[in-house]
Amino acid sequence: MTDRLTSVREIIKTVLPGVDGVLALRSGPGGIVAPYLFSKEHPEELAKLAIWPKEPVPDTLKIILKAHPEAKIAIVCRGCEERGIVEMYKHAQFSLDNVTLIGLQCLQDEAEFCRCAKPYTVHAKTTIGEPIEGVPDSLTDKIAAMSADEKLAFWKQEFEHCIKCYGCRTICPQCFCNICALEDEIWVETGRLPMPNPSMYHMVRAMHMTAKCVACRECEETCPADIPMAVQFRLIARDVKEMFNYEPGAIMEQKPPQLLVLEEGDYARTGLPH
Amino acid sequence: MIEYENVLTTCPYCGTGCAVHLQVLDNKLVGVLPAKNHVISKGGLCIKGWNVHAFVNHPDRLTKPLIRKNGVLEEATWEEALDLVATKLGEIKNESGPDSIAFLSSAKCTNEENFLLSKLARAVIGTNNIDHCARL
């Protein structure tokens, strides 16, 4: 771990002079980790550089680039975060013209923690660590093997634990619709707990994650009720791969299936929810 | 120069003590992130914690005391407001007794502030009628 941390620090030092900032993680009070924009004005902060636990940095990148569209930013990203950035770029959330990706390859225990199929970057030209093989997702496989009745019973029980914190929606780097269906009374009744029909919230979200979820598992990590919702998105991802031969974040030039009907630039112009 | 950082603090909404990161971009509060390796909240938040940044600079937030005069709320100084509250509480206590007054404290305050309100209720007014918002 220490070696990797040192390598990341050295690379950030070499990149810093040429950019407005390097987005990575910083260890704060009590060792609590959060995203931080390292700058050449404050190189001493690099002493507090951290790489784990991972954070939803693609969303942080969006926050910075929305306010500073021309800024030159380098970002330390893992495989899932890189996929997230690529997918957000395809959905016109920001331009990648001035963004430098620094890939951080995950370790075996990190990949196992995330049940990750692709714990490595593929686009970043600068990388740290050796890419490892993906690990099998036994939870997803177990649920996929259930009968329809078993699945229904399983998810109903899981969704009943939902406290409607909207954390999975809020933390998701791919949840950026201008109008959120989950805030529409038609789908999710406001002001009531427990939710009269928690499946509605989670099914709407599952639909909206189709061909977008990059399997970063931030939703599962932030869920106070430990709902294994990434399983749904991964099962849907298998169908999307089969039907459209599309894997979110994999190929920069490949258009996401839900954007195929739109002309170039239309998506950014309309900002439609999808 | 672009500045982005997360400031670690404790959610003010209830007594659980979840850790929140306030996302600060160019010295402006722009959002909230949970704290994954925090011992209490472990990366989770409830819907109030997720929106804790929203009230800080909200235009509806009261920044000055208001006193109702002739049916209309008017801005007042703290001295004027506190004088009025002290006078009225004294009057009510003299007319109807200390147990006609109740105090509602808050989980948004520190232990020390809550202790002081308890002291005010019990030692100054003379009532045990004190509770706090985290029981709601």
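Nothing here was measured: the structure is a model prediction, and the numbers come from that model.

Asker: It is not clear to me how the overall build of chain A should be interpreted in this structure. Could you clarify?
Answerer: Helix and strand content of chain A: 11 helices and 6 strands. Expected size for 274 residues packed as a compact globule is a radius of gyration near 19 Å; at 19 Å, chain A falls within 12% of this value. The 274 residues of chain A split such that 52% are buried. The long-range share in chain A, meaning contacts at least 24 apart out of those at least 6 apart in sequence, stands at 67%. The centroid of the 30 positive side-chain charges in chain A is displaced by 1 Å from the centroid of its 39 negative side-chain charges.

Asker: It is not clear to me how the domain arrangement of chain B should be interpreted in this structure. Could you clarify?
Answerer: The accessible area lost on association of the parts is a frequent measure of interface size. The domain architecture assigned to chain B consists of domain 1 (4-50), domain 2 (62-96) and domain 3 (98-136). Using only C-alpha atoms to locate each centre, domain 1 of chain B and domain 2 of chain B end up separated by 35 Å.

Asker: Which parts of the structure should I look at to understand the interface of chain A and chain B?
Answerer: With 36 residues of chain A at the interface, the matching set in chain B holds 24 residues. Summing both sides of the interface, chain A and chain B together bury roughly 2,300 Å²; the carbon and sulfur share of this comes to 66%. Looking at the side of chain A facing chain B, the largest losses of area belong to Ile32, Ile63 and His68 of chain A, adding up to 22% of the total buried there. Here chain A and chain B share 3 salt bridges between them. Residue Lys36 of chain B pairs with Glu221 of chain A through a salt bridge whose shortest N-O separation is 3.1 Å. Listed by contribution, the elements that provide at least two residues to the side of chain A that touches chain B are β1 (21-27), β2 (33-38), α2 (57-67), α7 (167-171) and α9 (218-222) of chain A. The biggest single contributor to the side of chain A that touches chain B is β2 of chain A, with 5 residues. Tallied by class, residues from the side of chain A that touches chain B come to 20 nonpolar, 8 polar and 8 charged.

Asker: What's the story with the packing of aromatic side chains in this structure? I'm lost.
Answerer: Pairs of aromatic rings are described using the distance from one ring centre to the other and the angle between the two planes. Counted by the stated rule, this structure contains 6 aromatic pairs over all chains. Aromatic side chains Tyr13 of chain B and Phe55 of chain B sit 6.0 Å apart centroid to centroid with 70° between the ring planes, which places their arrangement in the edge-to-face category. Within this pair, whereas Tyr13 of chain B is found in the loop between β1 (4-10) and β2 (19-25), its partner Phe55 of chain B is found in the loop between α1 (47-50) and β4 (66-69), the two being separated by 42 residues in sequence. Take Phe55 of chain B: its relative accessible area is 32%, and that puts it in the partly exposed class. Here a set of aromatic residues connected by ring pairs shows up, and it is made of Phe154, Trp155 and Phe159 of chain A.

Asker: Mind showing me how you'd approach unusual backbone geometry here?
Answerer: In terms of backbone geometry, most residues other than glycine have negative phi values and most peptide bonds are trans. The residue after Trp52 of chain A, namely Pro53 of chain A, is reached through a cis peptide bond having omega 0°. As for its position among the elements, Pro53 of chain A is in the loop between β3 (49-50) and α2. For the bond from Leu193 of chain A to Pro194 of chain A, the omega torsion is -10°, close enough to zero to count as cis. Along the chain, the position of Pro194 of chain A falls in the loop between α7 and α8 (198-208). Of note, the phi angle at Asn27 of chain B is positive, near 70°, even though the residue is not glycine. Summarising the element assignment, Asn27 of chain B is placed in the loop between β2 and β3 (28-34).

Asker: Quick question: what am I supposed to make of a nonpolar patch on the surface here?
Answerer: Residue and element names in this part refer to chain B. A grouping of Leu62, Leu66 and Leu73 is seen on the molecular surface, where their side chains present a nonpolar patch of about 280 Å² in accessible area. Along the polypeptide, Leu73 turns up in strand β5 (residues 72-75). Overall, Leu73 belongs to the partly exposed group, its relative accessible area being 45%.

Conventions used here
Going along each chain's sequence as written, the residues are numbered from 1 onward. Think of it this way: whatever chain is written first is A, whatever ligand is written first is 1, and the rest follow in order. Local features in a predicted model are, by the rule used here, given only for residues with pLDDT of at least 70; side-chain atom pairs are given and counted only at 80 or more, and totals for whole chains, interfaces and linings are based on all residues. Side-chain figures throughout are based on the complete set of non-hydrogen atoms in the structure, without hydrogens or water. Counting from the N terminus, the helices are the DSSP runs of H or I reaching at least four residues and the strands are the DSSP runs of E reaching at least two. Radius of gyration means the value over C-alpha atoms here, while the globule rule gives 2.2 Å times the residue count to the 0.38 power. Working definition: with a 1.4 Å probe on protein chains only, accessible area under 20% of the residue-type maximum means buried, over 50% means exposed, and in between means partly exposed. In this description, contact between two residues means that some pair of their heavy atoms is separated by no more than 4.5 Å. Here the positive residues are Lys and Arg and the negative ones are Asp and Glu; neither His nor the chain ends is included. For the purpose of locating charges, the reference atoms are NZ of Lys, CZ of Arg, CG of Asp and CD of Glu. Each domain span listed reflects an automatic or database assignment of domains. Buried area is calculated as the accessible area (1.4 Å probe) missing from two parts once they are joined, with the contributions of both summed. A pairing counts as a salt bridge when a side-chain nitrogen of Lys or Arg comes within 4 Å of a carboxyl oxygen of Asp or Glu. For this classification, Asp, Glu, Lys and Arg are treated as charged, while Ala, Val, Leu, Ile, Met, Phe, Trp, Tyr, Cys and Pro are nonpolar and the rest, including Gly, are polar. Here is the rule: rings of Phe, Tyr and Trp (six-membered ring for Trp) pair when centre to centre is within 6.5 Å. Planes less than 30 degrees apart are stacked, more than 60 are edge-to-face, and the remainder are tilted. Put simply, a patch holds well-exposed residues, over 30% relative accessible area, that have no salt bridge, with like charges counted together within 9 Å and Val, Leu, Ile, Met, Phe, Trp or Tyr side chains within 5 Å. Surface accessibility follows the Shrake-Rupley procedure with a 1.4 Å probe radius. Residue values consider only the protein chains on display as shielding.

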